[in-house]
Amino acid sequence: MTVERDVLTTQQAAKLLGLSTTSVQKMVINGELDAWITPGGHRRIFRSSVDQLLNSRNAGLAGVTGNRPLRILLVEDDPVQIAFFKALLARIGHSVQLTIINQAEQALDHIRALRPDLLVTDLVMEPMDGFTLVRVLGEEPGLDSLDVIALTAMSPQEITADARLSSRVVRYQKPLSADRLCGYLDALTVKLLEQETLCV
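What you see is a predicted model, and the numbers here were worked out from it, not measured in a lab.

Trainee: Describe the sheet that holds strand β3 (residues 43-46), with residues and values.
Mentor: Sheet architecture is open: three strands sit in the order β1-β3-β2, paired in antiparallel fashion. Only two strands of the sheet have a single neighbouring strand rather than two, namely β1 (7-8) and β2 (35-37). The pairing of β2 with β3 spans three bridges and is classified as antiparallel. Bridge pairing in β3 links A35 to I45. The strands that helix α3 (residues 21-29) touches are β2 and β3; relative to β3, the one it contacts most, it runs at about 75 degrees.

Have a look at this one:
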C-alpha cells in the first residue's frame, strides 16, 4: 500500500468533502469515516472511505434504493425556518425528496404510511410539540429506529434540564449550518447503503 496515496489528513478530507475540519473530525469519532492515529497523535483518514462517501453522495442512493432520493420529513410551523431549510438543502446538493408538515399530529400519520429516512422536527410547536412527537415514535415498534434531528432555539442547558428528549436524537441549535446538515446526510446515506446491501 502506498501510504501517501491511500490516506488523507483531516484537512485534505475536509476539502474533498466540502466540509469543515471539525465536521470531518466528528465523522471520524462517530465511525462514519475510517481512520487511524499516527504515533504523533494525528488523524489519517483512508481515502477509500472518503471516496465511498463522495460516491454515495453523488449517486444519491442510486442503484441500491431504486434510484430514489433521501426521503426527509420536516416538521416545522415557521415559514422562515422552512425557507431556510430548503435553502440549506439546495446549497449542499444532496438528492432529497422533502415533505413539509406544519403539525406534529399530521406527521405521525405520514411517518407511519411512508416511512421517511429522516425526520427533522422543531421542538416548540402547538398543540403537539416535537418532544411528544419523538416520544411517541420511540414507543412505536418499527418507528423507534427512525433517524431524528431536533432543531431548536433552546440552549443545550434548557434541553438537558427538560429531560424529555431521547439521547438517540441528534440535537442542533438554530440556525442549522450547511456543513452539519451535509455531514449528517452523508453519514445517513452511507448507513442506508450498507443496510440495503445487507438486504440484497
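Trainee: Account for the packing of helix α6 (residues 104-114) against helix α7 (residues 130-139), naming residues and giving values.
Mentor: Remark: α6 packs on α7, axes separated minimally by 10 Å, with the N-to-C direction vectors making an angle of 30 degrees. When the axis of α6 is compared with that of α7, the two are roughly parallel. Crossing geometry of α6 relative to α7 is assigned as right-handed. Together, A104, A107, L108, I111 and R112 of α6 and L133, V136 and L137 of α7 make up the contact between the two elements.

Trainee: Explain the pairing of strand β6 (residues 118-122) to me, using residue names and the numbers behind them.
Mentor: Counted residue by residue, β6 has five buried out of five residues, so it is predominantly covered. Across the two faces of β6 the burial is the same, with L118, V120 and D122 and L119 and T121 all buried. By the bridge criterion, four bridges tie strand β4 (residues 70-75) to β6 in an arrangement that is parallel. By the bridge assignment, L73 is partnered in β6 with L119. In the classification by handedness, the crossover that spans β6, the intervening α7 and the parallel strand β7 (residues 147-152) is right-handed.

Trainee: How would you summarise the side chain of T121 if you had to cite specific residues and measurements?
Mentor: Mapping T121 onto the fold places it in strand β6. In this structure, T121 is in contact with V75, G130, L133, V134, V148, I149, A150 and L151, ignoring residues within four places of it in sequence.

Trainee: Quick one: what's the story with the packing of aromatic side chains, residue by residue and with numbers?
Mentor: Applying the stated criterion to the full structure yields zero aromatic pairs. Sitting above the plane of the F131 ring, R164 keeps its charged end 4.1 Å from the centroid.

Trainee: Summarise the environment of Q81; cite the residues concerned and give the values.
Mentor: Assignment of secondary structure puts Q81 in helix α5 (residues 79-92). By relative accessible area, Q81 is classed as partly exposed at 22%. For the pair Q81 and K174, spaced 93 residues apart in sequence, the C-alpha separation works out to 8.8 Å. Setting aside anything within four residues of it in sequence, one finds Q81 in contact with E76 and K174.

Trainee: Kindly report on α6, identifying the contributing residues and their values.
Mentor: All of the buried residues in α6 are A104, A107, L108, H110 and I111. Against the buried residues of α6 lie β4, β5 (96-101), β6 and α7. With its phi angle positive at about 50 degrees, R115 sits one or two positions after the end of α6.

Trainee: Could you give an account of the nonpolar core, naming the residues involved and the relevant values?
Mentor: Counting residues in each nonpolar core, the largest one holds 35 residues, and the members touching the most others are L33 and L185. The set of elements that each furnish at least two residues to this core consists of α2 (10-17), α3, α4 (47-59), β4, α5, β6, β7 and α9 (178-199). The element that contributes the greatest number of residues to this core is α9, accounting for eight residues. For L185, the residues in contact, after removing those within four places along its chain, are L70, I72, L89, I92, H94 and L118. Core analysis: the second largest hydrophobic core is formed by 24 residues, A107, M125, L137 and L143 among them.

Here is what the cut-offs are and how they apply
- Residues numbered from 1 in each chain as written.
- Predicted model: local features only at pLDDT ≥ 70, side-chain atom pairs only at ≥ 80, totals over all residues.
- Heavy atoms only, no water.
- Pairing = 2+ DSSP bridges.
- Helix = DSSP H or I, 4+ residues; strand = E, 2+ residues; numbered from the N terminus.
- Contact = heavy atoms within 4.5 Å.
- Axes fitted to C-alpha atoms, helices over the stretch in contact; angles between N-to-C directions.
- Parallel < 35°, antiparallel > 145°, perpendicular 65-115°, else oblique.
- Left-handed = near helix turned anticlockwise from the far one by under 90°.
- Buried < 20%, exposed > 50% of the residue type's maximum accessible area, 1.4 Å probe, protein only.
- Right-handed = clockwise from strand over helix to strand, strands pointing away.
- Phe/Tyr/Trp six-rings, centres within 6.5 Å; stacked < 30°, edge-to-face > 60°.
- Lys NZ or Arg CZ within 6 Å of the ring centre and 35° of its normal.
- Core = buried A, V, L, I, M, F, W, Y, C linked by side-chain atoms within 4.5 Å.

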